[in-house]
Amino acid sequence: MILAITGPTSGIGAVTFRKLTPHFEKVLLLARNPDKAKEMISGLPMEQQAKAEYVHVDLASMDSIIQSIKTIQSKVSHIDVLINNAGGIFHEKSVTEDGFELTLSANHLGHFLLTNKLMPWLLKSPNPKVINVSSEAHKAAKVNFDDLSYHKSKYSAFTAYANVKLFNILFSKSLAEKYEAQGLQAFSLHPGVVKTNFASEAGGIFKLLWIFAKPFMITAEQGAQTSIFLGKNEISAAQNGSYFKNSKPAKTSSSANSKSMREKLWYNSERLLEKWL
Ligand SMILES: NC(=O)c1ccc[n+]([C@@H]2O[C@H](COP(=O)([O-])OP(=O)(O)OC[C@H]3O[C@@H](n4cnc5c(N)ncnc54)[C@H](OP(=O)(O)O)[C@@H]3O)[C@@H](O)[C@H]2O)c1
């Protein structure tokens, strides 16, 4: 069994990586920081270190993702589980080299491109799974599909984050719908409110609230439990496409359940990524 995971260098992803590695024959760390990735690998028990390999992926650069696909395909024959865990919230609006707002690129578009490009490799597995780390913040989404990168409308860090976490759920359901017949399962999840590096680039009221909430937050070990559960267990076909919390299917907002939102997101993501898809 082969696992690939984004954002394995910090917080929830780091624990997910460490806890899942013993269950897999090979694990690819899809990360942007080589030093952190190498540190993660050298932190594994000696006998597990040879299983883990670093692949450079910067989700804020579509060219870097395209490059990583070639590297991944040269390293492994297929992928059984892909965990799209990387993400973040950013106080100031920033635009990537591709012209996308950073929250959109790092949390959604990058994973959309990565997953679609890896689809032939996933479909070579008898039971492929894609797991997208979302958030309860999706319930605060206010999406304008005509301006996904906030070129015309005012940028709010929290709304931008809520929107992409909604996209993680919509994307998971779309993947389940489109590829179920070929054996693929796709899930999204809320990890809890977790004490990690998350929000280190946030600001204003959100950052203040986050600092005050820290004593009440769960640990990364606890926050990784649902990702680990979905990554290593067989999940019933009836739950394909579902959103999980505390390792159980959970209720989403009505937007997250909307077929028209799923279709709009898929259409607009393909349109924005046309050059790379
Ligand atoms: N913490 C929470 O309470 C909470 C709640 C709900 C959902 N989540 C979600 O959980 C996931 C993991 O977050 P976390 O709390 O563990 O935060 P974290 O400690 O900040 O970890 C984020 C990870 O994403 C990686 N990353 C960020 N931007 C990237 C980019 N452009 N390209 C490649 N990798 C990138 C980071 O890499 P570097 O190490 O190189 O920075 C890091 O490995 C995120 O999707 C987040 O939205 C978190």
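Now for a look at the structure at hand. (Residues numbered from 1 in each chain as written. Predicted model: local features only at pLDDT ≥ 70, side-chain atom pairs only at ≥ 80, totals over all residues. Heavy atoms only, no water.)

The next subject is the overall build of the protein. Broken down by element type, the protein carries nine helices and eight strands. Computed over C-alpha atoms, the radius of gyration of the protein comes to 17 Å, within 12% of the 19 Å expected from 2.2 N^0.38 for 277 residues, which places it in the range of a compact globule. Overall, the protein is about 50 × 45 × 35 Å in size when its C-alpha atoms are taken along their principal axes. Buried positions account for 57% of the 277 residues belonging to the protein. Taking the contacts inside the protein whose residues are at least 6 apart along the sequence as the reference set, 75% of them involve residues at least 24 apart. Roughly 12,300 Å² of accessible area belongs to the protein as shown, and the carbon and sulfur atoms make up 53% of that amount. The distance from the centre of the 32 positive side-chain charges to the centre of the 23 negative ones in the protein is 5 Å. (Helix = DSSP H or I, 4+ residues; strand = E, 2+ residues; numbered from the N terminus. Rg over C-alpha atoms; globule rule 2.2 N^0.38 Å. Buried < 20%, exposed > 50% of the residue type's maximum accessible area, 1.4 Å probe, protein only. Contact = heavy atoms within 4.5 Å. Areas by Shrake-Rupley, 256 points an atom, 1.4 Å probe, with all protein chains shown as cover. Lys, Arg positive; Asp, Glu negative; His and termini not counted. Charge placed at Lys NZ, Arg CZ, Asp CG, Glu CD.)

Another point: the pattern of salt bridges. For the coordinates displayed, the defined rule picks out eight salt bridges. Note that Arg 262 and Glu 177 form a salt bridge whose closest N and O atoms lie 2.6 Å from each other. Remark: Glu 177 occurs in helix H5 (residues 157–179) and Arg 262 occurs in helix H9 (residues 259–272); sequence separation between them is 85 residues. Its relative accessible area of 9% is what places Arg 262 among the buried residues. In this structure Glu 177 comes out as partly exposed when scored by relative accessible area, which is 45%. Salt bridges here are not isolated pairs; linked through shared partners, they connect Arg 18, Lys 19 and Glu 221. (Salt bridge = Lys/Arg side-chain N within 4 Å of Asp/Glu carboxyl O.)

With five of five residues buried, strand S5 (residues 129–133) is to be regarded as a mostly interior element. What you see with S5 is no split at all: Lys 129, Ile 131 and Val 133 on one side and Val 130 and Asn 132 on the other are buried throughout. Examined bridge by bridge, strand S4 (residues 81–84) and S5 share four bridges and lie parallel to one another. Its bridge partner being in S5, Leu 82 is matched across the sheet by Val 130. Following the chain from S4 across helix H4 (residues 102–122) to the adjacent parallel S5, one finds a crossover that is right-handed. (Pairing = 2+ DSSP bridges. Right-handed = clockwise from strand over helix to strand, strands pointing away.)

Right, let's get into the packing of aromatic side chains. By the definition in use, this model includes twelve aromatic pairs. Ring centres of Tyr 161 and Phe 198 lie 5.1 Å apart, and the angle between their planes is 50°; this geometry places the pair in the tilted category. Separated by 37 residues along the polypeptide, Tyr 161 in helix H5 and Phe 198 in the loop between strand S6 (185–190) and helix H6 (204–213) bring together distant segments of the chain. Like Tyr 161, the residue Phe 198 is buried in the burial classification. A connected cluster of aromatic rings, assembled from ring pairs, spans Phe 158, Tyr 161, Phe 198, Phe 206 and Trp 210. (Phe/Tyr/Trp six-rings, centres within 6.5 Å; stacked < 30°, edge-to-face > 60°.)

Right, let's talk about the packing of helix H1 (residues 11–20) against helix H8 (residues 225–232) for a bit. Where H1 meets H8, the closest approach of the two axes is 9 Å, and the angle between their N-to-C directions is 40°. As for the relative orientation of H1 and H8, their crossing is right-handed in sense. Seen from H1, the contacting residues are Ile 12, Val 15, Thr 16, Lys 19 and Leu 20; seen from H8, they are Ser 227, Ile 228, Gly 231 and Lys 232. Of the residues in the contact of H1 with H8, the class split is four nonpolar, three polar and two charged. (Axes fitted to C-alpha atoms, helices over the stretch in contact; angles between N-to-C directions. Left-handed = near helix turned anticlockwise from the far one by under 90°. Nonpolar A, V, L, I, M, F, W, Y, C, P; charged D, E, K, R; others polar.)

Once that is clear, we can look at the sheet that holds strand S8 (residues 248–249). What the eight strands build is an open sheet, ordered S3-S2-S1-S4-S5-S6-S7-S8; its pairing is mixed. Strand pairing shows two members of the sheet lacking a second neighbour, strand S3 (52–56) and S8, which therefore form its edges. Docked against the sheet, H4 engages strand S1 (2–6), strand S2 (26–31), S4 and S5, running at close to 180° with respect to S4.

Turning our eyes to something else, we now look at the site of the ligand. Around the ligand, the structure places 28 residues, and the nearest of them are Thr 9, Ser 10, Lys 36, Tyr 161 and Thr 196. In the complex, the protein chains occlude 94% of the 900 Å² of accessible area that the ligand would expose alone. More than half of the atoms belonging to the ligand lie within 2 Å of the grid points that define the largest pocket. Secondary structure elements with two or more residues in the shell around the ligand: H1 and H5. Taken together, the residues of the shell around the ligand break down into twelve nonpolar, twelve polar and four charged. (Near = heavy atom within 4 Å. 1 Å grid on protein atoms, 1.4 Å probe; cavity = no way out; pocket = protein on both sides within 12 Å on 5 of 7 lines; lining within 4 Å. Sits in = over half its atoms within 2 Å of the grid points.)

Once that is clear, we can look at empty space enclosed by the protein. Under the defined criterion, the tally for this structure stands at one cavity of 30 Å³ or more. In this structure, the largest cavity encloses a volume near 40 Å³. Every residue lining the largest cavity is listed: Glu 101, Leu 104, Leu 148, Tyr 150, Ala 160, Asn 163, Val 164 and Phe 167. Top contributing element to the lining of the largest cavity by residue count: H5, with four residues. Looking at the lining of the largest cavity residue by residue, the class counts come to six nonpolar, one polar and one charged. (Points joined across faces, edges and corners; volume = space filled by probe spheres on them.)

In this structure, the largest pocket spans a volume of roughly 1,000 Å³. Around the largest pocket sit 46 residues that line it, and Asn 85, Ala 86, Gly 87, Gly 88 and Phe 198 are the ones nearest its centre. When contributions to the lining of the largest pocket are tallied by element, the ones reaching two or more residues are H1, S2, H4, H5 and H6. Residues that form the lining of the largest pocket fall into these classes: 22 nonpolar, 18 polar and six charged. Taken as a whole, the second largest pocket encloses approximately 270 Å³ of empty space.

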